[in-house]
Amino acid sequence: MYGNRSGTETTPPTAAPPDHLRETARTRSRRSAGNVQRSSWLTGVVVAVLAALVALLAGSPALAAPTSSESPRSVSTRPTIVLVHGAFAGASSWDEVSSALGKDGYRTVAVSLPLSGTVADIATVRAALDAVAGPKVVVGHSYGGFVISDATAGRGDVTALVYTAAFVPAAGESIIGLGAGYAPAAFLAPGHLTFDSAGRATITSTSFRDDFAQDLSPRLAATLDRAQTPTDLSILFAPSGDVAWPTIPSWYAVSGADRVIDPALQRYMAARAGATTVTFDDASHAGGFTHYSARFTKLVEQAATRP
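Residues numbered from 1 in each chain as written. Predicted model: local features only at pLDDT ≥ 70, side-chain atom pairs only at ≥ 80, totals over all residues. Heavy atoms only, no water.

Topic: the nonpolar core
Next, step 1: Within the largest apolar cluster, 75 residues are counted, with the highest numbers of intra-cluster contacts made by Ile-81, Val-139, Tyr-143, Leu-161, Val-162, Tyr-252 and Phe-296.
Next, step 2: The dominant element in this core, judged by the number of residues it contributes, is strand β4 (residues 158–166), at six residues.
Next, step 3: With residues near it in sequence (within four places) discarded, Tyr-252 still touches Tyr-163, Ala-165, Ala-166, Val-168, Gln-266, Met-269, Ala-270, Ala-275, Thr-276, Thr-277, Val-278 and Leu-299. (Core = buried A, V, L, I, M, F, W, Y, C linked by side-chain atoms within 4.5 Å. Buried < 20%, exposed > 50% of the residue type's maximum accessible area, 1.4 Å probe, protein only. Helix = DSSP H or I, 4+ residues; strand = E, 2+ residues; numbered from the N terminus. Contact = heavy atoms within 4.5 Å.)

Here is the structure:
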């Protein structure tokens, strides 16, 4: 708003003004009276309208509190979905699932594991959970399943665990111990791993698609290959601590053509955890969150909306 500027008053002469000046004065007087009348009328209208609105709002709950077609749980207490990747991967591996969940109204957090050892990885997930207010559904792939089983133990803010082609250890179990008696991971074949100066491993580009993502196009498999985080292989031998799945409901998507975790081992771990289980028959180790991402997203949402 801008302020009005006041003019300077001039004292009129004592002699009677000429006729044309007297006419101007009468005209101004009539205009002033008209302006006052219009101003009073407009003020009355504004007051009347405001009074009517106040009365209408006071008596109309529909205007005071707009209704929503969504249930209170789906709006105010809808859980955040926390996504945890596995070994030889990065947080970007969840891009398709995260995008689909976002379109359905869910907030997602994709955690980046350092993959430097189980202690640091579990601490990273716990810190991420502490930073997110409200209820959470925690999702893990591969080694990420081992991590979330430990990181969510004893937490009251995690309502569900969801696994895809993931390890689900009992307390004291290691990944290498879980795999005893089952087909070994394809990347353990000679020449399929390369090591950096710190001794951390990645799957070679020539082996990555066949070992990890054979159901994906070469282009998409190459994208996952480039996103690999070098992994300390000590994670294969470290024992699990206390785990959450005996007390938190779980869901599991078995990858039926997995070459990293034997599908038979996946079914065993899912059954032991009492998980609601689906099987993606032709899925590779990465297939659950890429080729089958739409179906896996629905499984996550099923876990998120359980009664």
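Past the structure itself, the notes keep going.
Description of the environment of Phe-296
Next, step 1: Take Phe-296: it is sitting in helix α11 (residues 293–304).
Next, step 2: Linking Phe-296 and Thr-164, residues 132 residues apart in sequence, is a C-alpha distance of 8.2 Å.
Next, step 3: The contacts of Phe-296, once residues within four sequence positions are left out, are Trp-94, Val-97, Val-139, Val-162, Tyr-163, Thr-164, Ala-253, Phe-280 and Gly-288.

Points about the packing of helix α5 (residues 118–130) against helix α6 (residues 143–151)
Next, step 1: Two elements in contact, α5 and α6, have axes whose closest approach is 9 Å; the angle formed by their N-to-C orientations is 65 degrees. Viewed along their axes, α5 and α6 form a crossing whose handedness is right-handed. On α6, the residues that touch Thr-118, Asp-121, Ile-122, Val-125, Arg-126 and Leu-129 of α5 are Tyr-143, Phe-146, Val-147, Asp-150 and Ala-151.
Next, step 2: Its residues assigned to classes, the contact of α5 with α6 comprises seven nonpolar, one polar and three charged. (Axes fitted to C-alpha atoms, helices over the stretch in contact; angles between N-to-C directions. Left-handed = near helix turned anticlockwise from the far one by under 90°. Nonpolar A, V, L, I, M, F, W, Y, C, P; charged D, E, K, R; others polar.)

What about α6?
Next, step 1: Taking burial as the measure, the nine residues of α6 include nine buried ones, the bulk of the element.
Next, step 2: All of the buried residues along α6 are Tyr-143, Gly-144, Gly-145, Phe-146, Val-147, Ile-148, Ser-149, Asp-150 and Ala-151.
Next, step 3: The inward-facing, buried residues of α6 abut β1 (80–84), α5, β3 (136–142), β4 and α7 (175–178).

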